[in-house]
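If you want the building blocks of each chain, they are given just below.
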Amino acid sequence: TGVVRFDLRKAAVEGYLSRLAICIGVAIVLGGGTGVMSAFVYRDVAQPLQRMVGLVKAFVEDPLKPLPETLSDATNHHPLRETVVLESALVRLSCLLQLGFGEAGGAVVGRG
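Remember, predicted model here, so these are calculated numbers, not experimental data.

Conventions used here
Residues numbered from 1 in each chain as written. Predicted model: local features only at pLDDT ≥ 70, side-chain atom pairs only at ≥ 80, totals over all residues. Heavy atoms only, no water. Helix = DSSP H or I, 4+ residues; strand = E, 2+ residues; numbered from the N terminus. Buried < 20%, exposed > 50% of the residue type's maximum accessible area, 1.4 Å probe, protein only. Contact = heavy atoms within 4.5 Å. Areas by Shrake-Rupley, 256 points an atom, 1.4 Å probe, with all protein chains shown as cover. Expected span 1.5 Å × (residues − 1). Bend = angle between axes of the 7 residues up to and from the residue. Salt bridge = Lys/Arg side-chain N within 4 Å of Asp/Glu carboxyl O. Patch = residues over 30% accessible without salt bridge, like charges linked within 9 Å, V, L, I, M, F, W, Y side chains within 5 Å. Core = buried A, V, L, I, M, F, W, Y, C linked by side-chain atoms within 4.5 Å. Polar contact = N/O pair within 3.5 Å; in protein donor to acceptor, adjacent residues only side chain to side chain. pLDDT = per-residue confidence, 0-100.

As a further point, take the overall build of the protein. Summing up its helical and strand segments, the protein has three helices and zero strands in all. Of the regular secondary structure in the protein, the N- to C-terminal order runs α-α-α. Burial status across the protein gives 21% buried among its 112 residues. Sequence-distant contacts, at least 24 apart, represent 72% of the contacts inside the protein between residues at least 6 apart. Carbon and sulfur atoms make up 68% of the accessible area of the protein, which amounts to about 8,800 Å² in all.

Take helix α1 (residues 9–61) next. One turn of an α-helix holds 3.6 residues; hence residues three or four places apart share an orientation. With 53 residues, α1 should reach 78 Å at 1.5 Å per residue; the first-to-last C-alpha distance of 73 Å fits that figure. Remark: the principal bend of α1, roughly 35°, maps to Y42. Where α1 is concerned, the buried positions are G15, D44, P48, M52, L55 and F59.

This paragraph deals with the pattern of salt bridges. Evaluated as defined, the whole model comprises two salt bridges. A salt bridge links D44 to R43, with the nearest nitrogen and oxygen atoms 2.8 Å apart. For R43, a relative accessible area of 38% translates into the label partly exposed. Measuring nitrogen to oxygen at the nearest pair gives 3.1 Å for the salt bridge that ties R51 to E87. Of this pair, R51 sits in helix α1 while E87 sits in helix α3 (residues 81–111), placing them 36 residues apart in sequence. Here E87 falls in the buried class, since its relative accessible area comes to 3%.

Side chains of V13, L17, L20, I24 and I28 sit close together on the surface and give an oily, nonpolar patch of about 490 Å² of accessible area. Summarising the element assignment, L17 is placed in helix α1.

A separate point is the environment of V60. Its place among the elements puts V60 in helix α1. When the C-alpha atoms of V60 and S94 are compared, they prove to be 9.9 Å apart, with 34 residues separating the residues in sequence.

Attention now goes to the environment of V56. By the element assignment, V56 lies in helix α1. Residue classification places V56 among the partly exposed positions, given a relative accessible area of 40%.

In terms of nonpolar packing, the biggest core is built from seven residues, these being M52, L55, F59, L67, L90, V91 and C95. When residues of this core are traced back to their parent elements, those giving at least two are α1 and α3.

What follows covers the side chain of D44. Looking at where D44 falls in the secondary structure, it is placed in helix α1. A distance of 2.8 Å separates the side chain of D44 from the side chain of R43, its partner in a polar contact.

Right, let's get into the confidence of the model for the protein. Looking at the protein as a whole, its pLDDT mean stands at 80, while 79% of the residues score no less than 70. Least confident of the elements in the protein is helix α2 (residues 73–76), whose mean pLDDT is 53; most confident is α1, at 90.

As structure tokens, this is what we get:
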């Protein structure tokens, strides 16, 4: 009677190496996608929010200081139009508050 032996170690190692290569590839794709998405979120969401917070802080510090009537060209051509609409609404609301309150109301707004 003869004994037949199969050596499966080579096939197992090749299988492990191919799975490792797939895992590394997926990690690279996910890492790159995360970096790109992070840049878009910062540009399209965080920067407009920072500008709006700056407008509110400037308004609170000096309620009678003139605010920009129009937004910059870079802001007007922003890919997310909603942030431009919010920012311009904030500027308009601040201007209306300045007109409505005048100097007497400016002191009240500045205090809090």
